Amino acid sequence: MVWIYGGGGSFGQIYDSANDPTGLVTGADQKGFPIIYVAMNYRVVIFGFAASPALAASDSLNLGLLSRHTAVGERKHPSNPPSWNRGSPMGDPGTAGNKSSVHTAQLTKLVNCTGTASIAECNDYARCPCSNSTQRPSRTRRPSAVTRAWMSFISNSPSSFIPDRPCQHLATGQFSRNIDTLGGWNENDGSFSTLPTLASDTQVALFLNILAQYFRASRMKRDTEFSCPALYTAQMTARYATVPTATNCLFAFNQTLFRSWYAATSSSDLGVSHFSDIPYVFNQAQSSPRYAPYATLADGLLSSEMSGSWAAFAAFGSPSHGNGTIAGWTGLTNEQFPVQIIGGPDSGVRESGQNVIRGGYEGLAARCAF
């Protein structure tokens with residue numbers, strides 16, 4: 001199993017205790033399908049995703065992606081190893097835009113201490129460009145989405161590494177085919193980047209350029225950045241598969257270890273937020289000092305089963321393999337798009353196909369048809 005940590009291109013490292021694979025590896029061994037776990041550090045923020053016309057001309061874009069590619073290497077695998085994607089597997093929205101180039105110019109101006117920036121501001125940004133995105137979340141202290149967006153750096157296209165927008169590569173079948181995929185999202189994946197103070201249609205309109213309430217805005221954010229990319233990736237992988245044995249599965253995660261913490265910081269609106277699934281994947285609910293104080297018996301059981309499913313997927317290409325894994329996973333077809341709900345009161349398989357009226361997963365396929 002090769003683990004590439006997330007962080008939106010803004011932070012992350014393999015030595016963070018959140019990425020400790022001990023529970024995952026030992027649990028898989030106890031279940032009878034041992035795995036070899038591999039992880040690598042890669043460049044983030046301006047060091048990995050800086051962008052400018054000069055960098056593009058010298059073919060120096062997407063160094064963060066290139067460092068991952070170098071670490072994984074060009075080794076061929078006889079059985080096309082399975083791939084698990086969380087978050088936005090098609091690449092961050094705006095890959096073909098100018099977000100990284102604008103932020104590169106702004107940060108360069110700050111660290112050079114030119115313009116109107118104070119020495120303190122220059123020192124802060126030079127020392128940690130992601131500092132404003134790592135504050136403890138709360139309704140009063142949570143940094144605004146505007147502040148976090150200002151410091152974000154994402155991959156760029158076109159470039160030699162990403163010739164076109166990722167969605168175009170998927171639409172035209174320009175990707176590795178016949179691999180088993182497992183893609184998904186957390187139920188409230190959009191909550192971190194949705195302002196908690198939105199209280200009117202006018203405020204939401206200024207935030208998203210649409211008229212909606214906060215909850216709807218958060219769900220739309222989740223769909224555009226997490227759910228729909230995961231669904232589209234699975235759909236295209238299934239469409240272009242040339243062998244009948246390739247499996248493409250979807251999941252929606254609906255449980256979190258952060259309930260009491262969010263309640264204590266007046267942030268219960270975050271719900272099953274981004275990152276909620278990671279402690280369960282690494283089987284840390286009851287073994288990690290970081291999470292054990294907040295875990296229930298149900299959390300411990302789900303943590304064991306979910307990490308078992310991920311290990312089984314890495315070993316066999318199927319997340320349901322008996323012996324302590326989550327049962328009932330069903331792969332996608334060209335007409336059926338089942339979603340495995342993991343955790344919460346409604347766990348189990350839900351159908352999200354276009355023509356499903358009752359029992360569907362929130363009409364996901366219809367919402368993502370754009």
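It should be noted that the structure appears before, not after, this text.
The model shown is predicted, which means the values in this text are computed figures rather than measured ones.

How should the overall build of the protein be read in this particular structure?
Of regular secondary structure, the protein possesses 14 helices and seven strands. Considering the protein as a whole, with its 370 residues, one finds that 44% of them fall into the buried category. Entry remark: accessible area of the protein is about 17900 Å², with carbon and sulfur atoms responsible for 55%.

Help me understand the side chain of asparagine 19 in this model?
Tracing the chain through its elements places asparagine 19 in the loop between β1 (2–3) and α1 (22–31). Of the residues examined, asparagine 19 reaches a relative accessible area of 8% and is grouped as buried. At 2.9 Å, the side chain of asparagine 19 and the backbone oxygen of glutamine 13 are in polar contact. Beyond its immediate stretch of four places on either side in the chain, asparagine 19 contacts Trp3, Tyr5, Gln13, Ile14, Tyr37, Phe282 and Gln284.

It is not clear to me how unusual backbone geometry should be interpreted in this structure. Could you clarify?
Proline 158 follows serine 157 through a cis peptide bond whose omega is 5 degrees. As for its placement among the helices and strands, proline 158 is situated in the loop between α7 (145–150) and α8 (166–171). The phi angle at asparagine 178 is positive, at roughly 60 degrees, despite the residue not being glycine. Locating asparagine 178 in the fold gives a position in the loop between α8 and β4 (181–186). Its identity as a non-glycine residue notwithstanding, phenylalanine 275 has a phi of 85 degrees, on the positive side. Structurally, phenylalanine 275 can be placed in the loop between α11 (259–264) and α12 (278–281).

Just checking my understanding: could you explain the packing of aromatic side chains for this structure?
Each aromatic ring pair is described using two quantities: the centre-to-centre distance and the angle formed by the ring planes. If you walk through the whole model with that rule in mind, you get 14 aromatic pairs. Note on phenylalanine 175 and tyrosine 240: the rings are 5.9 Å apart at their centroids and 85 degrees apart in plane angle, and the pair reads as edge-to-face. Taken together, the positions of phenylalanine 175 in the loop between α8 and β4 and tyrosine 240 in helix α10 (residues 214–240) put the pair 65 residues apart, joining distant regions of the chain. Take phenylalanine 175: its relative accessible area is 23%, and that puts it in the partly exposed class. A centroid spacing of 6.4 Å and a plane angle of 15 degrees characterise the contact between phenylalanine 258 and phenylalanine 275, whose relative ring orientation is stacked.

I would appreciate a short explanation of the packing of α1 against helix α13 (residues 297–316) in the present structure.
The axes of two packed helices give the description: the angle between them and the distance between them. Put simply, α1 and α13 touch, their axes get as near as 9 Å, and they point 80 degrees apart. Taken together, the axes of α1 and α13 lie roughly perpendicular to each other. Contact with α1, carried on its side by Leu24, Ala28 and Lys31, involves Ser304, Ser307, Gly308 and Ala311 of α13 and no other residues of that element. Grouping the amino acids of the contact of α1 with α13 by side-chain chemistry returns three nonpolar, three polar and one charged.

Would you explain the environment of asparagine 334 in this entry?
Along the chain, the position of asparagine 334 falls in the loop between α13 and β6 (338–342). With relative accessibility at 53%, the residue asparagine 334 sits in the exposed group. Taking C-alpha positions, asparagine 334 is 6.4 Å from arginine 239, a pair spaced 95 residues apart along the chain. Those residues in contact with asparagine 334 that lie beyond four places of it in its chain are Ala238 and Arg239.

How do you make sense of the side chain of serine 273 when you look at a structure like this?
Inspection of the secondary structure assignment puts serine 273 in the loop between α11 and α12. A distance of 2.6 Å separates polar atoms of two side chains, one belonging to serine 273 and the other to tyrosine 262. The residues contacting serine 273, other than those within four sequence positions of it, are Asn186, Asn188, Asp189, Ser191, Phe192, Phe258 and Tyr262.

Honestly, the nonpolar core in this entry has me stumped. Any pointers?
Side chains that are nonpolar tend, in soluble globular proteins, to be buried together. If you look at the biggest cluster of nonpolar residues, it comprises 22 residues, and the most contacted ones within it are Trp3, Leu24, Phe153, Phe282 and Ala311. Secondary structure elements with two or more residues in this core: α1, α2 (45–49) and α13. The leading source of residues in this core is α2, at three residues. Look past the residues within four positions of leucine 24 in its chain and what remains in contact with it is Met1, Ile35, Tyr37, Val281, Phe282, Asn283, Ser307 and Ala311. Val281, Met306, Phe313 and Ile342 belong to the second largest nonpolar core, which has 21 residues in total.

I would appreciate a short explanation of the pairing of strand β7 (residues 348–351) in the present structure.
Here is the key point about a regular strand: its side chains alternate between the two faces of the sheet. Bridge count for β6 against β7 is four bridges, and the pairing is antiparallel. Residue isoleucine 341 lies in a different strand from β7, and its bridge partner there is glycine 348. Hairpin connection between β6 and β7: a loop of five residues separates the two successive antiparallel strands, and glycine 343 in this loop has a positive phi of roughly 85 degrees.

Even after reading the chapter, I still don't get the state of the cysteines, so can you show me in this structure?
Formally, a disulfide is one covalent bond, and it connects the sulfur atom of one cysteine to the sulfur atom of another. Under the defined criterion, the tally for this structure stands at one disulfide. The residue that forms a disulfide with cysteine 228 is cysteine 368, at a sulfur-sulfur distance of 2.0 Å. Judged by the torsion about the S-S bond (-75 degrees), the cysteine 228/cysteine 368 disulfide is left-handed. Taken together, the residues span a long stretch of sequence, with cysteine 228 in helix α10 and cysteine 368 in the segment after α14 (364–367) at a distance of 140 residues.

Quick question: what am I supposed to make of the pairing of strand β5 (residues 248–253) here?
Here β5 lies mainly inside the structure; six of its six residues are buried. Side chains Asn248, Leu250 and Ala252 project from β5 onto one buried face, and the interleaved Cys249, Phe251 and Phe253 project onto a second face that is buried too. Of the pairings in the sheet, the one linking β4 to β5 comprises six bridges and is parallel in character. Across the sheet, asparagine 186 pairs through a bridge with phenylalanine 253, a residue of β5. Summarising the sheet, β5 and β6 pair through four bridges and their orientation is parallel. If you follow phenylalanine 253 over to β6, its bridge partner there is isoleucine 342.

Criteria and cut-off values
Residues numbered from 1 in each chain as written. Predicted model: local features only at pLDDT ≥ 70, side-chain atom pairs only at ≥ 80, totals over all residues. Heavy atoms only, no water. Helix = DSSP H or I, 4+ residues; strand = E, 2+ residues; numbered from the N terminus. Buried < 20%, exposed > 50% of the residue type's maximum accessible area, 1.4 Å probe, protein only. Areas by Shrake-Rupley, 256 points an atom, 1.4 Å probe, with all protein chains shown as cover. Polar contact = N/O pair within 3.5 Å; in protein donor to acceptor, adjacent residues only side chain to side chain. Contact = heavy atoms within 4.5 Å. Phe/Tyr/Trp six-rings, centres within 6.5 Å; stacked < 30°, edge-to-face > 60°. Axes fitted to C-alpha atoms, helices over the stretch in contact; angles between N-to-C directions. Parallel < 35°, antiparallel > 145°, perpendicular 65-115°, else oblique. Nonpolar A, V, L, I, M, F, W, Y, C, P; charged D, E, K, R; others polar. Core = buried A, V, L, I, M, F, W, Y, C linked by side-chain atoms within 4.5 Å. Pairing = 2+ DSSP bridges. Disulfide = S-S within 2.5 Å.

Function cannot be read off these values alone, since they describe shape.
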